[in-house]
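Structural overview for review
Chain residues, written in single-letter form:
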Amino acid sequence: MNKYSRLQQFRFDTHQMLVKSKDAAFQLMNSIMATENARSLAEFSLSPFFHRQWSSTYEAIEDCRPNGNKFMRRYIQEIPILEYFLFGIDHTRWEFEDSPTMKDRTYQYSHCSVHSSVIGQGYSTIAWLPQLDHQGSWTLPLRHERITSFETPLNKATWQLKQVCQKLPSNIPKLVVLDCEYGNATFLKQTANVKVSKLIRVRSNLCFYGNPEPYSGRGRPKKHGDKWKLNESDNFPCADEVLEMEDPSLGQIRVSKWTQLHFYNAPLQTLTLLKIERLNPKKTGSKHRPLWLIWVGEEFLSLEKIWSQYSRRFGVDHWYRFAKQRLHWTLPNFRTPIQCQRWSDLIVNITWQLWLSKDLVQEHHLPWQKPQENLTPQRVARSMISLLMEIGSPTQTPKSRGKSNGWQKGRKRNKAKVYPTIKKRQSKSKKRRKT
């Protein structure tokens, strides 16, 4: 058993799970890892790791059958048994502005767009965040799936969280970290039956409620106690626990904790409120805005570890950037959502192959770059060519299949069907001024 056995076994299992056109799809994945710049899907056929014609790149996506459930179970086998499992959930967009023949396109939020929205598809991702001994951006997606027009990011995240937790050991604690979009009563009620702790950032304009007073014996029992406005945190009672510590990147910070609170629309979901303050002022002399977090579920981390674990959530954003820029996730223009999902499953599998290769590759960096001890995903991808040549491929040599007959004479060509863009929410009509 050599040092490449784990990676080779993973690649062999991946090759078998692709089912149809598995050789072409697997060679396409090798080409993606070895190609840093590409302008179209067909350009991956120019890689020396792709032994077929350029048309086979499209055929691979058309015929391969990656199964998200099987892939997820295989990924979980690579997760070591730790003190607790740390996951992150977020969603992003794949723009299809000029693809009217793409079915199920919706309006997606975009902070860089003039109108704050673009036409495309949303994708929700749940990823395992490895506990690294050093600062790094490694994020390993377990499920990366399209948000359909009849789903919301909250519904999709809830479903993905249930699917992942069912395959993990029940006796090991699980923690998921999320952004402020998931910090509401709706998401807490949807995930109430999932055995997982949640650490979520919340907006600073929200309100929470304490426990009600004891029942007086008359009327309906109260559900809510005192109202806590985050914008008026100076009027809060003394915190149940306060910790000041030194953060390597932020300097001196203070973490305050209040327990036994809840949302107005979720009185049964008890939560713990956390306030993160940077004590060192800005260069202008003004104070930094505090960061508000809530913890829901079993509390198994100290205040000192909570902030460091939440900061790992940004690794999901780093993976989105890496997938779009280096793994060319949003490069192809497919015709159907099914093809987009197959391509997305391949991109996730490539990320896991890079993770298993990080200790095996010999780093190749550009002349103006400094060498690294702990390689980032970008450095591993740049160094994969020599490793792929050394470990080989489970694919077979392609066979010639002759020349196609082409389009039949007299056969009618039909235009592709055009689908309308779906708007999930109806805009409120503007009130006209009375004249």
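Note: the structure precedes this text.
So, a few notes on the structure that sits alongside this text. (Residues numbered from 1 in each chain as written. Predicted model: local features only at pLDDT ≥ 70, side-chain atom pairs only at ≥ 80, totals over all residues. Heavy atoms only, no water.)

Examining the overall build of the protein chain
Filter applied, for reference: Runs of H or I in DSSP of at least four residues are treated as helices and runs of E of at least two as strands, each being numbered from the N terminus. The buried label applies to any residue whose accessible area, calculated with a 1.4 Å probe on protein chains only, is under 20% of its type's maximum; exposed applies above 50%, and partly exposed to all values in between. Whether two residues are in contact is decided by their heavy atoms, any of which lying within 4.5 Å being enough. What sets the accessible areas is the Shrake-Rupley method with a 1.4 Å probe; for residues, cover comes only from the shown protein chains. His is not counted, nor are the chain ends, whereas Lys and Arg count as positive and Asp and Glu as negative. Working definition for charges: the position is that of NZ of Lys, CZ of Arg, CG of Asp or CD of Glu.
Scanning the protein chain from N- to C-terminus turns up 11 helices and 12 strands. In terms of overall dimensions, the protein chain has a C-alpha envelope of 85 × 70 × 50 Å along the principal axes. When burial is assessed residue by residue, the protein chain has 48% of its 435 residues classed as buried. The contacts in the protein chain between residues at least 6 apart in sequence include a share of 64% that link residues at least 24 apart. Surface accessibility of the protein chain: about 25000 Å² in total, with carbon and sulfur atoms responsible for 47%. Looking at charge distribution, the protein chain has the averaged site of its 69 positive side-chain charges lying 11 Å from that of its 38 negative ones.

Remarks on the environment of Arg-425
You can see Arg-425 is positioned in the segment after helix H11 (384-391). Accessibility expressed as a relative area gives 72% for Arg-425, which makes it exposed. Separated by 224 residues in the primary sequence, Arg-425 and Arg-201 place their C-alpha atoms 25 Å from one another.

With respect to the pattern of salt bridges
Heads up, the rule is: For salt bridges, the criterion is a side-chain nitrogen of Lys or Arg within 4 Å of an Asp or Glu carboxyl oxygen.
A full pass over the atoms with the stated rule returns 20 salt bridges. Among the ionic pairs, Glu-43 bridges to Arg-39, the shortest N-O distance being 2.9 Å. In this structure Glu-43 comes out as partly exposed when scored by relative accessible area, which is 22%. With a closest N to O distance of 3.1 Å, Lys-257 and Glu-299 form a salt bridge. Of this pair, Lys-257 sits in strand E10 (residues 251-263) while Glu-299 sits in the loop between strand E12 (291-296) and helix H7 (303-310), and the two are 42 residues apart along the sequence. The network of salt bridges with shared partners includes Arg-6, Asp-13, Arg-74 and Glu-78.

Details of the packing of aromatic side chains
The following threshold applies: Centres within 6.5 Å are what make two rings of Phe, Tyr or Trp a pair, Trp counting through its six-membered ring; a difference in plane orientation under 30 degrees is then read as stacked, over 60 as edge-to-face, and the rest as tilted. Both a distance and an angle decide whether a charge sits over a ring: NZ of Lys or CZ of Arg must be within 6 Å of the ring centre and within 35 degrees of the ring normal.
Overall, the coordinates contain 28 aromatic pairs when judged by the stated rule. Here a set of aromatic residues connected by ring pairs shows up, and it is made of Phe-10, Phe-71, Tyr-75, Trp-128, Trp-138, Trp-352 and Trp-355. Lying over the aromatic face of Trp-355, Lys-358 brings its terminal NZ or CZ to 4.7 Å of the ring centre.

What to know about the nonpolar core
Using the following cut-off: We define a nonpolar core as any set of buried Ala, Val, Leu, Ile, Met, Phe, Trp, Tyr and Cys residues linked to one another through side-chain atoms lying within 4.5 Å.
Leu-142, Phe-208, Trp-343, Trp-352 and Leu-354 are the most contacted members of the largest nonpolar core, which has 112 residues in total. In terms of residue count, the dominant contributor to this core is helix H9 (residues 337-357) (10 residues). When residues no more than four places from it in sequence are discounted, the contact partners of Phe-208 are Val-202, Asp-226, Lys-227, Trp-228, Leu-230, Leu-261, His-262, Phe-263, Leu-271, Leu-273 and Ile-294.

Re the pairing of strand E9 (residues 241-247)
Inclusion rule: Two strands qualify as a pair provided DSSP detects at least 2 bridges between them.
By the bridge criterion, seven bridges tie E9 to E10 in an arrangement that is antiparallel. Bridging from a neighbouring strand, Leu-243 pairs with Val-255 of E10. Between the antiparallel neighbours E9 and E10 lie three residues.

Comments concerning the side chain of Arg-313
Put simply, the rule reads: Pairs of N or O atoms within 3.5 Å make up the polar contacts considered here, provided that, within protein, one atom can donate a hydrogen while the other can accept it, and that residues adjacent in sequence are counted only when both atoms are side-chain atoms.
Mapping Arg-313 onto the fold places it in the loop between H7 and helix H8 (314-325). Among the residues examined, Arg-313 registers a relative accessible area of 3% and is labelled buried. A polar side-chain atom of Arg-313 sits 3.4 Å from a polar atom in the side chain of Asp-90. Excluding residues within four positions of it along the chain, Arg-313 makes contact with Asp-90, Leu-129, Val-177, Leu-178 and Asp-179.

Some thoughts on H7
Where we set the bar: The directions from the helix axis to the C-beta atoms form the arc being described.
Looking only at H7, the buried set comprises Leu-303, Ile-306, Trp-307, Gln-309 and Tyr-310. Across the axial projection of H7, the buried residues extend over an arc of 165°, all falling on one side.

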